[in-house]
Amino acid sequence: MARKTDTPSSYHGEPIKFDPNFRGPVQNRRCTDVVCCIIFVIVILGYIALGTVAWIHGDPRKIVYPTDSQGQFCGQQNTSNANKAILFYFNMLKCASPAVLINLQCPTTQLCVSKCPDRFTTLLEVSRKSNWGYYKQFCKPGFVIGSKSVAEVIRDEDCPPMLVPSRPLLQRCFPDFKSKDGELTIADQTTFKDGDENSRSVLDLRDAAIKIASLLNAKELGIKILEDYANSWIWILIGLGITMVFSLSFILLLRYIACVILWFMICGIIISASYGVWHCFQEYSVLKKKPDANVTISDIGFQTDLSIYLENSQTWLIFMFVLIAIVIIIVIMLIFLRSSLSVAFALLKEGSRAIFYIMCTLFYPVVTFFLLAICIAYSAVTAVFLASSGKAIYKVTSADDQCMYANLTCSPKTFNQTNITKACPGAQCMFAFYGGETVYHNYILVLHLCNLFVFLWLVNFVLALGKCTLAGAFASYYWAKRKPKDIPSCPVYSSFTRAVRYHTGSLAFGSLILAMVQMVRIVLENLNHKLKGSQNVCNRFLLRCLSCCFWCLEKFIKFLNTNAYIMIAIYGQNFCRSSREAFDLLMRNIVRVVVLDNVISFLLFLGKLVISGGVGVLAFLFFSKRIPLFQEMVPQLNFSWVPLVTVIIGSFMITSGFFNVYAMCVDTLFLCFLCDLEVNNGSPSKPYHMSPNLMKIFRSKREEEEVPEKTSPLLKHVTSS
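Keep in mind it's a predicted model, so treat the numbers as computed, not measured. (Residues numbered from 1 in each chain as written. Predicted model: local features only at pLDDT ≥ 70, side-chain atom pairs only at ≥ 80, totals over all residues. Heavy atoms only, no water.)

1. So, the state of the cysteines
The condition that has to hold: Note that a disulfide, as used here, is simply two cysteine sulfur atoms within 2.5 Å. For the purposes of this entry, the term helix denotes a DSSP run of H or I that reaches at least four residues, the term strand denotes a run of E that reaches at least two, and both are numbered from the N terminus. Relative accessible area decides the class of each residue, using a 1.4 Å probe on protein chains only: under 20% of the type maximum gives buried, over 50% gives exposed, and in between gives partly exposed.
Under the criterion given, the structure shown has four disulfides. Through a disulfide, C74 is tied to C112; the S-S separation comes to 1.9 Å. Here the disulfide of C74 and C112 is left-handed, its torsion about the S-S bond being about -75°. Separated by 38 residues along the polypeptide, C74 in the loop between α2 (61-64) and β1 (86-89) and C112 in strand β2 (residues 110-113) bring together distant segments of the chain. Of the two residues, C74 and C112, both sit in the buried class. Disulfide pairing is shown between C116 and C173; the S-S distance is 2.1 Å. Its S-S torsion of approximately -95° makes the covalent link between C116 and C173 left-handed. Linking C116 in the loop between β2 and β3 (121-122) with C173 in strand β6 (residues 172-175), this pair joins segments that are 57 residues apart in sequence. An identical accessibility class is assigned to C116 and C173; each is buried. In this structure C31 is a free cysteine whose sulfur lies 7.3 Å from that of C37, the closest cysteine sulfur available.

What follows is the structure, encoded as structure tokens:
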């Protein structure tokens, strides 16, 4: 029986040849892409070596603990600073920005203390009254009272010139800024005396105050969010559990009433979105008549109370346009893809049957999650140790801007023996940062890039292994003559062991290509971010074009790799040959591929939207106390959106996990179906392996594509049944 394909076979290779001994995924295999497998193993060993070297040179304490001017950690156990976990800055006026403080680049002495100052006082005042009891704890250890004049103490920074009421933030003492009657104050005062007892305004630290206030607000917001999680975590888990039940039920019910469910889902979304458009327009019309109708969302800014946004007309206008766009997109896709909906429904129904018979495939994402967690944890730990590699670097700090030795590297042990203190009175050798001048430290950036690249490679390999494993399991279902009797036992385990034993090199090859493209994209995005404020429009335009091109390339490689992994799982060939045969097979059926891929992706996305959106609506009704039966059970919350957003995002992730398995199942069955059409012709010697239902649906389309020829007896039997 001759068949007419979408494009001549000579353009895209020859059809797959018939093999009478083929019974599904090939069992007798040999290792493929051995060279790439060896390289992959060497890279993993090198990655382990990189982590070991970073572990030897790195010290996470440099990130966890603040460091004083002598390079000692604040709060570290078994040291003199064990009970001094907070970093205190001698002269806060030298630190104009909190960012400077956090980066430990403030040009003043930093000392570990047990608590922050809680009062205003100056060194001159304490010296006149000889009341050193409270003040001395903020002086350098070993300072002898009366050994120097006040001017020399301030010059050498043995003691702070003044104390300002402060509170700990990020393990550092920051001025305790508060707002009183619209004015910025410290301890209810708008002025204070500096080291020379000159009256200074709190506004001298205005820039620091603004950023510190934002940090304090962020910290307070974070505490409230954690409280909401502590009060609502049980209900969040219940919502996520409902999502799992709905997702599993949806997939399994497609086996029986796929057409009914999908049409009901599509019509339900269109009706709901249409009602939403009408409701948004009504709300917009009412709010537009209010006096403050011209207030925009940008004028409101970020607010934790979401009801504020619902009182703005612009919010409802945006909602209305979004819903209109959704309705238009759905209607347009239904118009252009209506002829392929029956085929898509059949594939989805067949995919549901396959998952029903191989239920363990739904739990394989747990294995993928575990392997990804290992990769992410190892990469993150390596990055932390690399970032904390290096020795303490000390720099000369002087109050005199004309000092010729300023910012030069120095050693605290030998600093007093040099002539720097004579040339620059008051100069000090203070800790600046962690670094070094060895070969290792000079190539820290390169090692960070290597860590990132290997991380991308490993993540893509884990995902590739999951796709190949699932493809092998679902292919064993498709090629079984008598379903489910001929499906091999433990198909997922068998497919996993085949992929690891024979095709590690091929999976590594495919993931390497994808990791290289992703690495280039990251570099381009980083360059684009750095040139964001650049006036060179040509460079920014070129980077945007390159980013867009590599984004498209990444999407194409992902699509090609997925089909290559399916061919590897079925026929056991190397990556290049599998990619070529998958590409040729898809190009020979390009119309079917493009149409069905878009239709199925569209239907699965709608499924994700319906389930996650439905659970989100239930969560909204519950946490807003709009369900009378559960009003007494709703916990007290600071922000009702915290558990709501968590449930919606978590629901979408869980639904995506189930539906990704389902999508891989449909992709595998579709590729097997195309192979089945090319290899077999429906005769007794070459019977089709597709289900009778799938055969019926494709019968009309096949008759349009085929050259008129006598139909085989088996085809007549299948059609009549």
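Further notes follow.
2. Let's talk about unusual backbone geometry
Backbone geometry places C490, a non-glycine residue, at a positive phi of 50°. Topologically, C490 is positioned in the loop between α14 (444-478) and α15 (491-502). When its relative accessible area of 51% is taken as the criterion, C490 is described as exposed. Non-glycine residue K625 carries a positive phi angle of around 60°. Counting through the fold element by element, K625 comes out in the loop between α19 (590-623) and α20 (641-679). Under the relative-accessibility criterion, K625 is labelled partly exposed at 37%.

3. Re the packing of helix α17 (residues 537-571) against helix α18 (residues 575-588)
The line we're drawing: To get an axis, fit a line to the C-alpha atoms, keeping to the stretch in contact for a helix; angles then go from 0 to 180 degrees between the N-to-C directions. Put simply, angles under 35 degrees are roughly parallel, angles over 145 are roughly antiparallel, angles from 65 to 115 are roughly perpendicular, and the rest are oblique. The contact rule is simple, with two residues in contact once any of their heavy atoms fall within 4.5 Å. Side-chain classes follow a simple rule in which Ala, Val, Leu, Ile, Met, Phe, Trp, Tyr, Cys and Pro form the nonpolar group, Asp, Glu, Lys and Arg form the charged group, and the remainder, Gly included, forms the polar group.
Viewed as axis vectors pointing N to C, α17 and α18 meet at an angle of 105°, and their least axial separation amounts to 8 Å. Relative to α18, the element α17 lies roughly perpendicular. Of α18, the residues touching α17 (which contributes F556, F559, L560, N561, N563, A564, Y565, M567 and I568) are F575, S578, S579, E581, A582, F583 and L586. Here the residues of the contact of α17 with α18 sort into 11 nonpolar, four polar and one charged.

4. Comments concerning α18
So the rule is basically this: Expected span of a helix: the number of residues minus one, times 1.5 Å. Polar contact is defined as a pair of N or O atoms within 3.5 Å, subject to the rule that within protein one atom must be able to donate a hydrogen and the other to accept it, and that residues adjacent in sequence are counted only when both atoms are side-chain atoms.
A rise of 1.5 Å per residue sets the reference length of α18, with its 14 residues, at 20 Å; its end C-alpha atoms lie 20 Å apart and thus fit the reference within 8%. Among all positions in α18, only F575, S578, S579, A582, D584, L585, L586 and R588 are buried. The distance from a side-chain oxygen at the start of α18 to the backbone nitrogen of C576 is 3.3 Å, and the residue carrying that oxygen is N574.

5. Brief notes about the pattern of salt bridges
The following threshold applies: For this document, the term salt bridge refers to a Lys or Arg side-chain nitrogen within 4 Å of an Asp or Glu carboxyl oxygen.
If you walk through the whole model with that rule in mind, you get seven salt bridges. Across the pair D118 and R119 runs a salt bridge, and its minimum N-O distance is 3.0 Å. Salt-bridge contacts for D158 lead to K148; the nearest nitrogen and oxygen are separated by 2.9 Å. Linking D158 in the loop between α5 (150-156) and β4 (162-163) with K148 in the loop between α4 (123-129) and α5, this pair joins segments that are 10 residues apart in sequence. The exposure class assigned to D158 is buried, which follows from its relative accessible area of 11%. You can call K148 partly exposed: its relative accessible area is 32%.

6. Some words on the packing of α14 against α15
Just so we agree on the cut-off: With the far helix as reference, a near helix turned anticlockwise by less than a right angle produces a left-handed crossing, and one turned clockwise produces a right-handed crossing.
Across the interface, α14 lies against α15 with an axial gap of 8 Å and an inter-helix angle of 130°. One way to sum up the angle between α14 and α15 is to call them oblique. Of the two possible hands of crossing, α14 and α15 adopt the one that is right-handed. Only P491, V492, S495, F496, R498, A499 and V500 of α15 make contact with α14, whose side of the interface consists of L465, C468, T469, G472, A473 and S476. Looking at the contact of α14 with α15, its residues break down into eight nonpolar, four polar and one charged.

7. Remarks on the environment of L445
Position of L445 among the secondary structure elements: in helix α14. Separated by 58 residues in the primary sequence, L445 and A387 have C-alpha atoms spaced 9.3 Å apart.

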